[in-house]
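Summary of structural features
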Amino acid sequence: MALDESLIEELGIGPIWVQRGAVAASTTREVEAAASTPVAAAILAEAQSNQAPAQTPHEPTPTAAAHTEAPREAPGESDAAPLDAYDDLPWTDEAPVHFAPAVAVAPDDVHTLDWDALAERVANCQRCRLCERRTNTVFGVGDREADWMLIGEAPGENEDKQGEPFVGQAGKLLDNMLRTLALSRQSNVYIANVIKCRPPGNRNPELDEVARCELYLQRQVELVKPKVIVAMGRFAAQSLLKNEASIASMRGRVHEYRGVPVIVTYHPAYLLRSLQDKSKAWADLCLARNTYRDALAALGVEQGAEKGGV
Ligand code: URA
């Protein structure tokens with residue numbers, strides 16, 4: 001593929017435009033599909049024993065007010081350019097989020113829905129308190145049959161207004177990085193978030209919000225059937241892989257989500273602040289590209305016949 005070298009230069013990722021064969025070769029299959037984990041099974045069993053209704057609308061509670069605190073500041077960013085409001089989300093490795101899912105979520109028929117029904121279900125969702133203050137749900141964007149799926153955390157202010165993921169400065173950076181691999185949301189990538197509604201004040205999503213929302217993402221993955229998933233940021237990675245690991249420890253390996261290889265990388269909003277890590281993000285995309293090529297080769301797809309860029 002012909003790379004746009006000026007773009008690579010602009011992104012500051014030129015120096016590591018090399019094959020990372022050693023890393024690609026150390027593929028590990030370390031995470032079981034979420035639905036088959038003992039924790040998930042326990043949640044389901046608990047939900048069934050409670051005989052909860054299939055879709056319990058969220059009742060507004062006084063505690064919802066506790067979720068409106070101001071956004072946390074990422075450290076060391078005082079010299080950074082002003083960013084969109086959502087860019088204040090805490091996408092660094094600071095303050096680990098705990099993902100022991102303690103919330104029983106009732107079984108649902110979401111796994112049977114087609115694209116239109118799923119989009120409508122999300123648009124009308126009231127499964128958690130985030131529905132109270134959203135302007136729009138943010139379902140996802142891109143090619144619904146893409147080989148590449150990118151997964152972020154949750155909508156920010158701009159996404160909430162426009163109903164599309166990654167539409168601010170971080171989204172522009174993401175689009176530029178994808179472009180270097182001949183990928184774009186207009187043609188051959190699908191982009192979605194773990195959470196479909198904006199957490200007020202750009203706070204971290206709560207455990208129960210993730211638990212109530214994640215079945216939508218699961219269904220999106222089932223429908224897209226991507227050959228590779230890129231999890232952007234600690235939150236997305238921890239949510240998908242059901243762990244509490246740092247980005248640093250998750251990068252550079254091939255994980256798995258429901259049978260699909262997963263590459264973990266930094267969140268684009270974090271990269272806007274931490275220019276020194278852009279080259280690492282580029283390395284992650286190269287690993288994703290190699291993983292994608294491996295997946296195609298395993299399927300007997302000839303090079304050049306792939307639809308997913310690179
Ligand atoms: N950050 C995300 O993780 N997702 C978006 O859609 C926007 C910002």
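Just so it is clear, the model here is predicted, and its values are computed rather than measured.

Reading guide: rules and limits
- Residues numbered from 1 in each chain as written.
- Predicted model: local features only at pLDDT ≥ 70, side-chain atom pairs only at ≥ 80, totals over all residues.
- Heavy atoms only, no water.
- Salt bridge = Lys/Arg side-chain N within 4 Å of Asp/Glu carboxyl O.
- Helix = DSSP H or I, 4+ residues; strand = E, 2+ residues; numbered from the N terminus.
- Buried < 20%, exposed > 50% of the residue type's maximum accessible area, 1.4 Å probe, protein only.
- Expected span 1.5 Å × (residues − 1).
- Bend = angle between axes of the 7 residues up to and from the residue.
- Contact = heavy atoms within 4.5 Å.
- Polar contact = N/O pair within 3.5 Å; in protein donor to acceptor, adjacent residues only side chain to side chain.
- pLDDT = per-residue confidence, 0-100.
- Pairing = 2+ DSSP bridges.
- Axes fitted to C-alpha atoms, helices over the stretch in contact; angles between N-to-C directions.

1. Concerning the pattern of salt bridges
This model, assessed by the stated rule, comprises 15 salt bridges. Note that Arg-127 and Asp-108 form a salt bridge whose closest N and O atoms lie 2.6 Å from each other. With a gap of 19 residues between them, Arg-127 in the loop between helix H4 (115–123) and strand E1 (141–142) and Asp-108 in the loop between helix H3 (38–50) and H4 connect regions that are remote in the sequence. For the pair shown, Arg-127 and Asp-108 are each scored as buried. Its salt-bridge partner being Asp-284, residue Arg-251 comes within 2.8 Å of it at the nearest N-O pair. One end of the pair, Arg-251, is in the loop between helix H9 (247–250) and strand E5 (255–257); the other, Asp-284, is in helix H11 (residues 278–298), and 33 residues separate them in sequence.

2. A few points about helix H7 (residues 207–224)
With 18 residues, H7 ought to run about 26 Å at 1.5 Å a step, and its terminal C-alpha atoms sit 25 Å apart, in line with that. By the largest-angle criterion, Cys-213 marks the main kink of H7, which is about 40°. A large share of H7 lies buried, amounting to 15 of its 18 residues. Positive backbone phi, at 55°, marks Lys-225, one or two positions downstream of H7.

3. Thoughts on the environment of Arg-198
Along the chain, Arg-198 turns up in the loop between strand E3 (189–193) and H7. Between the C-alpha atoms of Arg-198 and Leu-130, which are 68 residues apart in sequence, the distance is 6.8 Å. Dropping the residues within four chain positions of it, Arg-198 is found in contact with Leu-130, Pro-155, Gly-156, Glu-157 and Asp-160. A distance of 3.0 Å separates a polar atom in the side chain of Arg-198 from a polar atom in the side chain of Asn-202.

4. With respect to the confidence of the model for the protein chain
Overall, the prediction assigns the protein chain a mean pLDDT of 76, with 65% of residues at 70 or greater. Confidence drops under pLDDT 50 across residues 6–10; counting only partners more than four residues distant or on other chains, this segment forms eight contacts. Residue range residues 12–56 is modelled with pLDDT below 50. Its contacts to residues more than four positions away, or to other chains, number 72 contacts.

5. Side note on the pairing of strand E6 (residues 260–265)
Among the six residues in E6, six count as buried, and that is most of the element. Burial of the side chains of E6 extends over both faces: Val-260, Val-262 and Val-264 are buried on one face and Pro-261, Ile-263 and Thr-265 on the other. Of the pairings in the sheet, the one linking strand E4 (residues 228–232) to E6 comprises four bridges and is parallel in character. From the neighbouring strand, Ile-229 faces E6, where its bridge partner is Val-262. As paired elements, E5 and E6 share three bridges and run antiparallel to each other. In the sheet register, His-255 faces E6, and the bridge partner there is Val-262. As consecutive antiparallel partners, E5 and E6 are separated by two residues, and within that stretch Arg-258 has a phi angle of approximately 50°, a positive value.

6. Overview of the sheet that holds strand E2 (residues 148–152)
Strand pairing in a sheet relies on backbone hydrogen bonds. The paired strands run either parallel or antiparallel. Taken in spatial order, the six strands line up as E1-E3-E2-E4-E6-E5 in an open sheet, and their pairing is mixed. Two strands bound the open sheet, and with one partner strand each, they are E1 and E5. Bridge analysis of E1 against E3 gives two bridges, and the strand direction is antiparallel. Opposite Val-141, over in E3, you have Ile-191 as the bridge partner. On top of the sheet, H11 reaches E2, E4 and E6; it is set at about 170° to E6, its chief contact.

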